[in-house]
Amino acid sequence: MKTTVDLASDLYKQLDEYIDSLKGKPGILINVLHRAQEIFGYLPDEVLEYVAEKLDVPVSKVFGVVTFYNFFSRKPKGKHQIKICLGTACYVKGGDKIFERFLEELGVEPEEPSKDGLFSVHPVRCLGACSMAPVVLIGEKDFYGRLTPNDVPSLIKKYREG
Amino acid sequence: MPVAVVANTVLICAGGACISAGEKSVKQVFEEKLKEFALDSVVRVVETGCMGACNLGPLAVIYPEGIFYQKLTPQAAEEVVVEHLLKGRPVEKYLYKGPAGEVKAKAQEELPFFKRQVKIATRNLGVIDPTDIEEYIGRDGYFALMKALKEMTPEQVISEIKASGLRGRGGAGFPTGLKWDICRRNEADQKFIICNADEGDPGAFMDRSILEGDPHSVLEGMAIGAYAIGASKGFIYVRAEYPLAIERLNIAIEQAREYGFLGERVLGTDFSFDIEIRIGAGAFVCGEETALMASIEGERGQPRVKPPYPVESGLWGKPTVINNVETLANVPPIILKGSEWFASIGTETSKGTKVFALAGKVRNTGLVEVPMGITLRELIYEIGGGIPGGKRFKAVQTGGPSGGCIPADYLDVTVDYESLKELGTIMGSGGMVVMDEDDCMVDVAKFFLGFTVDESCGKCTPCREGTKVMYDILEKITSGEGTREDLEKLKELAQFISEASLCGLGQTAPNPVLSTMKYFWDEYVAHVEEKRCPAKRCKALIRYVIDPERCVGCTACARVCPVNAITGEVRKPHEIDPEICTRCGSCMEVCRFDAISKVSP
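Right, let's walk through the structure included here. (Residues numbered from 1 in each chain as written. Chains lettered and ligands numbered in written order. Predicted model: local features only at pLDDT ≥ 70, side-chain atom pairs only at ≥ 80, totals over all residues.)

1. A short note on the overall build of chain A
Step number 1: Summing up its helical and strand segments, chain A has seven helices and four strands in all.
Step number 2: From first element to last, N terminus to C terminus, chain A shows the α and β order α-α-α-α-β-α-α-β-β-β-α.
Step number 3: Projected onto its principal axes, the C-alpha coordinates of chain A cover approximately 50 × 30 × 25 Å.
Step number 4: Classification of the 162 residues of chain A by burial places 37% in the buried group.
Step number 5: Across chain A, contacts joining residues at least 24 apart in sequence account for 59% of those joining residues at least 6 apart. (Helix = DSSP H or I, 4+ residues; strand = E, 2+ residues; numbered from the N terminus. Buried ≥ 20, exposed ≤ 12 C-beta atoms within 10 Å, placed from the backbone. Contact = placed C-beta atoms within 7 Å.)

2. Quick notes on the overall build of chain B
Step number 1: Along its length, chain B carries 25 helices and 19 strands.
Step number 2: For chain B, the C-alpha radius of gyration of 26 Å lies close to 25 Å, the compact-globule estimate for 601 residues.
Step number 3: In terms of its C-alpha atoms, chain B occupies a principal-axis envelope of roughly 80 × 65 × 40 Å.
Step number 4: For chain B, the residues scored as buried account for 54% of the 601 residues in total. (Rg over C-alpha atoms; globule rule 2.2 N^0.38 Å.)

3. Here we look at the pairing of strand 8 (residues 233-238) of chain B
All names here are of chain B.
Step number 1: Of all six residues making up strand 8, five are buried, and the element is well covered by its neighbours.
Step number 2: Sheet topology note: the strand 7 (residues 192-197)/strand 8 ladder contains six bridges and is parallel. Considered in strand 8, the bridge of F192 is made with K233.
Step number 3: In this structure, strand 8 lies alongside strand 9 (residues 274-279), joined through six bridges in parallel fashion. By the bridge assignment for strand 9, G234 is matched with I275.
Step number 4: For the crossover that starts at strand 8, traverses helix 12 (residues 243-258) and ends in the parallel strand 9, the hand is right-handed. (Pairing = 2+ DSSP bridges. Right-handed = clockwise from strand over helix to strand, strands pointing away.)

4. So, the sheet that holds strand 7 of chain B
Residues and elements named next belong to chain B.
Step number 1: With respect to topology, four strands assemble into an open sheet ordered 9-8-7-10, the strand pairing being parallel. Both outer strands of the open sheet, strand 9 and strand 10 (320-324), are each paired with one neighbouring strand and no more. Adjacent strand axes in the sheet meet at a mean angle of 20 degrees, parallel and antiparallel pairs treated alike.
Step number 2: Strand contacts of helix 14 (residues 325-337): strand 7 and strand 10, with the helix running at about 95 degrees to strand 10, the strand carrying the most contacts. (Axes fitted to C-alpha atoms, helices over the stretch in contact; angles between N-to-C directions.)

5. Some thoughts on the environment of A:K115
Step number 1: Mapped onto the elements of the fold, A:K115 is located in the loop between helix 6 (95-106) and strand 2 (119-124).
Step number 2: Sequence separation of A:K115 and A:R160 is 45 residues, and the distance between their C-alpha atoms is 13 Å.

6. Remarks on the nonpolar core
Step number 1: Counting residues in hydrophobic clusters, the biggest one holds 216 residues, and the most contacted among them are A:I84, A:V135, B:A223, B:I224, B:V238 and B:A357.
Step number 2: Top contributing element to this core by residue count: helix 11 (residues 215-229) of chain B, with nine residues. (Core = buried A, V, L, I, M, F, W, Y, C linked by C-beta atoms within 7 Å.)

7. Looking at the packing of helix 8 (residues 154-164) of chain B against helix 11 of chain B
All names here are of chain B.
Step number 1: At their nearest, the axes of helix 8 and helix 11 sit 7 Å apart, and the two run at 120 degrees to each other. By the angle between their directions, the pair helix 8 and helix 11 is classed as oblique. Note that helix 8 runs across helix 11; the crossing there is left-handed. The residues of helix 11 that touch helix 8, namely those facing P154, V157 and I158, are I224, Y227 and A228.
Step number 2: Classifying every residue of the contact of helix 8 with helix 11 gives six nonpolar, no polar and no charged. (Parallel < 35°, antiparallel > 145°, perpendicular 65-115°, else oblique. Left-handed = near helix turned anticlockwise from the far one by under 90°. Nonpolar A, V, L, I, M, F, W, Y, C, P; charged D, E, K, R; others polar.)

8. Some points on the interface of chain A and chain B
Step number 1: Between chain A and chain B, the contact holds 38 residues from the first and 47 residues from the second.
Step number 2: Where the side of chain A that touches chain B is concerned, the elements lending two or more residues are helix 2 (29-40), helix 4 (59-68), helix 5 (88-92) and helix 6 of chain A.

9. Digging into the sheet that holds strand 15 (residues 431-436) of chain B
Residues and elements named next belong to chain B.
Step number 1: Strand order in the open sheet formed by five strands is 12-11-15-13-14, and the pairing between neighbours is mixed. Only two strands of the sheet have a single neighbouring strand rather than two, namely strand 12 (366-371) and strand 14 (404-407). Mean inter-strand twist for the sheet, computed between neighbouring axes without regard to direction, equals 30 degrees.
Step number 2: As paired strands, strand 11 (residues 353-360) and strand 15 are joined by four bridges and run parallel to one another. Looking at strand 15, one finds that L358 is bridged to M432.

Structure, rendered in C-alpha cells:
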C-alpha cells in the first residue's frame, strides 16, 4: 500500500486552510492533528513533519503528542472502524467476548486493518452508552447495543455487503 | 393569518441509548405520518436530551397528557400517530407495564424510577430541545446569569455558592465556592475558567447526557463562575468520543453569543466572556486537572506536581478554575433559587443531589438524579428495580478505576462523599456498575488495573511500573498460577503506589484491588489455593461441559462454535473438547435445553 501523500495535493490545501483559520491562537497543535487525521484518515509521518514545519514546532514534539494520545493513529485504519466498548458496564456484560469474536471472525489483530482493508477493530474505553451494554460503534454513528458474540458474523456481513 | 395552535407535543428522547436503539427512524416516521395526515401544523415533534430510562428506549412522551411510550419502533410510531394523535386513543401496547401487567400510561408520574428523583443538574434533560436557546430561556435559562450580573457582586455570588455547600461532582468533592474564592483573590491580568468534560470513567455518562441534552446550563454556569472569579475566557475540554456533545455545544455557544449571553459586554454590563471548545484525544489522565491544562496548551497530557494549584498557576501560568460539567449545571439553579434551598437537600456534609449512571446487572439502567444521602439499596432496588434474571446481587462498583466494590452487607449505607470513602471507594463522577454472582471480583480488579496500565501517562515510576507489576500478579492469579505470597505482594504494592504516585490516577489506582481484597478475600484465596474461580468467569479455571441427560443433539452448539470444539451426531448427546475450546460461551448462549454449564475447576 502506498502511504506517501503528494505534498501539493488538495488534502494539504485543506489542512493549510484550517491552520490559517486558527492564526494567533495558542496551543493549537492537538486541534490541527485532529483535523489532519480527519483529512488524511490517519497520520502518516510526512504529515506530522509537515505539521511541525507549518506550526514551527520541533518534529519531536509533534511525534511526542501523537504517540501520547490514543485517538491519533500513525497507521491506516480499515474502511469500517469497529470500536468495541470495553468499559466496565460492557465488560461485565461480556464486551470482551464480543471483542474476541470480532478478531476471530475477521482474522485480524487489534488496530490492524483486515487484508481487504475493509475493517479494523479497536478496543475503546466507554462510549457512554452503558445502559445498552455491551455496545459496538461502527464508523462514527452506527451504534449496536445488547450484542451477543453470535451477532458478530451477521454484523460483519452487513458491512461487507454494504 | 391564523396562527396554528399546537395541540400536542411529541418529545422524543435523543439520548445516546435511544439513538442506538433506533430513535432516528422512529422520529422520521412520526414526521412523515404527521405530514400525511396533515397534523404537522398542530403536532410538534421535538428531540430532547436523555430522559434517563435508557433500557426502555426509544422513548417518546406526548403532551399535554404526558403519555409515556417506550420501546418504540417505526411501526409503533405509525400506530401512535394514527390512533393517539389522530383519533385520541393512546396505544396501550406501547405503554409501560408494571410487573403484574398493569398499564402505567404516565410512567414518569407513576414509577419509582422517576418519582424518587430530584432533578437539579438534569432539570432540562428530556424536557427541552437542546438546540434551541429559547426553550432553555423558557425554563428560566440565563435568568441566573442576569441576576448575578445585575444584582450581585462577584463576592456575593461566591458566598452564595459557598453557603449552598456545593462540592465538585467530578470525583474529589472539593467545595466549589472555596475554589472560586481562592481564584478570585489571586491577582492576575488574565484568568480562566475551564469546564472539565473529559468524562473518562468507564460506566459514567451523566456529563455526556448533560452536554447533549442541556448544553446551555453548562455555559450559563461557566459564565457565572467567570464573573465570580474575574475570568474573561473559558474553555470546555471535551472528549473526542462525544461528537454529538461537541456539535450541540457549538450550536449552543453560537446561539448564546447571538443573544448576548457570551461575548463583549454581556447583557450590557462591563463583563465580557467567551468560551472555546478544546477536544481531547483519548487520554484518561487528562481528566486530572494539571494534565488537562497541559493538553489544552497542546502538549502531552501529563500531570505535574501540585502545588501550585491551578487557582494559583493554571492554564498558561494564569489563575484557573476547573469545574466539572455536573457541578456547573448546578450553579444557575443555586443562584436563582438561593443557597438555602439547595442546602436543604442532601446530608450534613454533602448537599444537593448527585446524578448516577446505573449500569451493569440491574433492571432499570439509565441516568438518575437523587438527593445525596439516599441508600444504595434504594438506588439499586427501588429505583434500579433490582437484579435481573433471578441472580444474586454481589457488589456495586463506584468511582471507576479510582473506586472500589461495595458488597451486599453495606447496601444500607447512605451515599455521600464521606460514607463512600469510609468503605474504601469514592463517589467519583457517579458511575454505578452493578455486579451479580457471575462476576469474579479478582477479574474485575484485573480489569481496572488493565485500564490503569493502559492509561498511566508514564511520568512517575510507581504508577508506570507498579501498576504493571500489580496487573501481572492479577493475571497470574486468574490463570491459576498465583500463590499466597502473591496476595501479600499485591497488598504491599498497593500501599506503596498509593503513597508514592504523582497524581490522583496513580494514588487511587490500587483502590479496586484493595476494596475487593477487603470484601472478597475468599475469592482471592479460592483462586490461589484451590485454583477455582467461584464466579466461573476466569477462563483458565473453568471448563464448559454438556450434560448428556439434557442434550438432545440439536447441533445448535456445534454449528455456532467458532473453533469446532463440539462434536456429536444428530439427536445424540454432544461433547466439548476442552483442549480446543476457547471458553467463548457461544454454545451456552444458543442452547435451548439448558444442557451446557460451566464448571470450576
